[in-house]
Amino acid sequence: MSATTEEKASTTPKEMTFAEKQAERMKRLRSLHSARNEARTHNHQEVVAEEARNKLPPNYEAKRRQAEWLLDDQAKREEAETSGKNYDRVKLLNISATEAERLERKKKKRNPDEGFSTYDQATIRQYNRLVKNMPAPDMEQYDKQKQKYGDAFYGGPNVIIHGMHEDRKQAIDRMVDDLEGQIAKRAKYSRRRIHNDDADIDYINERNAKFNKKLERFYGQHTAEIKQNLERGTAI
């Protein structure tokens, strides 16, 4: 056999046997099966994650970013306090003069009185105002009462203190002055409603007018047609 014939024989691909072809097919099949299972697992994870995101409130991302900012701001504040620095001054060094001026204007324009929102908030505001106006505690009088009443000073479920305590004249006068101040302030800010001369008079006195306004507010939309029929004289 010549050299050229030997080279051709060596470069000619060797024909695979049936067993080798079968093994190759099984290898490809297992690879495809593994890829399918991986894709199925990935799709299931995406579906679960999307369902979890849909159950979150609409403003979840905004609240999350705000919470992260608050935590970061608190950490920086603690770090500045540990270093003995004023955090507000350090924070102003990292913003522009225009931004600092805008924040200062916003702080000045902010209204500390948020007005009425709920009865709970109104009660809290009233309590804080009364506590703020309280005079400094008289520790000498406190110690005297503590020694006088003994265990009854702190009260309790089985302690009767009725009749044991006597209010001082200064405390009574202070309470009267505060109540009179509340009454005067309430009278000052009371809103007087303007009388409309062109409005229909369907009342006989002031109390009846307020009652009719309540009826109109709750039932006016349901009785508008009946009222119009009565005014036109076409009611059945």
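Residues numbered from 1 in each chain as written. Predicted model: local features only at pLDDT ≥ 70, side-chain atom pairs only at ≥ 80, totals over all residues. Heavy atoms only, no water.

Trainee: Which residues make up the overall build of the protein, and what values do they have?
Mentor: Counting secondary structure elements, the protein contains 9 helices and 0 strands. Starting at the N terminus and walking to the C terminus, you meet the elements of the protein as α-α-α-α-α-α-α-α-α. In the protein, once contacts between residues fewer than 6 apart in sequence are set aside, the share between residues at least 24 apart is 20%. Roughly 23200 Å² of accessible area belongs to the protein as shown, and the carbon and sulfur atoms make up 54% of that amount. (Helix = DSSP H or I, 4+ residues; strand = E, 2+ residues; numbered from the N terminus. Contact = heavy atoms within 4.5 Å. Areas by Shrake-Rupley, 256 points an atom, 1.4 Å probe, with all protein chains shown as cover.)

Trainee: How would you sum up a nonpolar patch on the surface? Please name residues and give values.
Mentor: Taken together, the side chains of Ile172, Met175, Val176 and Leu179 make up a nonpolar region of the molecular surface, amounting to roughly 320 Å² of accessible area. Looking at the secondary structure, you find Leu179 in helix α8 (residues 169–188). (Patch = residues over 30% accessible without salt bridge, like charges linked within 9 Å, V, L, I, M, F, W, Y side chains within 5 Å. Salt bridge = Lys/Arg side-chain N within 4 Å of Asp/Glu carboxyl O.)

Trainee: Summarise a positive patch on the surface; cite the residues concerned and give the values.
Mentor: The grouping of Lys210, Lys213, Lys214 and Arg217 at the surface amounts to a positive patch. With respect to the secondary-structure elements, Lys213 resides in helix α9 (residues 206–232). (Lys, Arg positive; Asp, Glu negative; His and termini not counted. Charge placed at Lys NZ, Arg CZ, Asp CG, Glu CD.)

Trainee: Can you explain the pattern of salt bridges? Please cite residues and give values.
Mentor: Taken as a whole and judged by the stated rule, the model has 8 salt bridges. Its salt-bridge partner being Arg64, residue Glu68 comes within 2.8 Å of it at the nearest N-O pair. With Glu68 and Arg64 both in helix α3 (residues 60–82) and 4 residues apart, this pair spans about one turn of that helix. It is possible to trace a salt-bridge network through shared partners that takes in Glu61, Arg64 and Glu68.

Trainee: I'd like a rundown of the side chain of Asn212, residues and numbers included.
Mentor: Within the secondary structure, Asn212 sits in helix α9. Classification of Asn212 by relative accessible area gives buried; the value is 17%. Excluding residues within four positions of it along the chain, Asn212 makes contact with Asp202 and Tyr203. (Buried < 20%, exposed > 50% of the residue type's maximum accessible area, 1.4 Å probe, protein only.)

Trainee: Just give me the short version of the environment of Asn86, but keep the residues and values in it.
Mentor: Relative to the assigned elements, Asn86 resides in the loop between α3 and α4 (87–92). We classify Asn86 as partly exposed; its relative accessible area is 41%. Here the side chain of Asn86 touches Asp88 through a polar contact of 3.2 Å, landing on its backbone nitrogen. (Polar contact = N/O pair within 3.5 Å; in protein donor to acceptor, adjacent residues only side chain to side chain.)

Trainee: Talk me through the side chain of Gln182; I want residue IDs and the actual numbers.
Mentor: Inspection of the secondary structure puts Gln182 in helix α8. Residues within four places of Gln182 in sequence aside, it is in contact with Gln126, Arg129 and Leu130.

Trainee: Tell me about a negative patch on the surface, residues and numbers included.
Mentor: Among the surface-exposed residues, Asp200, Asp202, Glu216 and Glu231 lie close enough to one another that they form a single negatively charged patch. If you trace the backbone, Asp202 turns up in the loop between α8 and α9.

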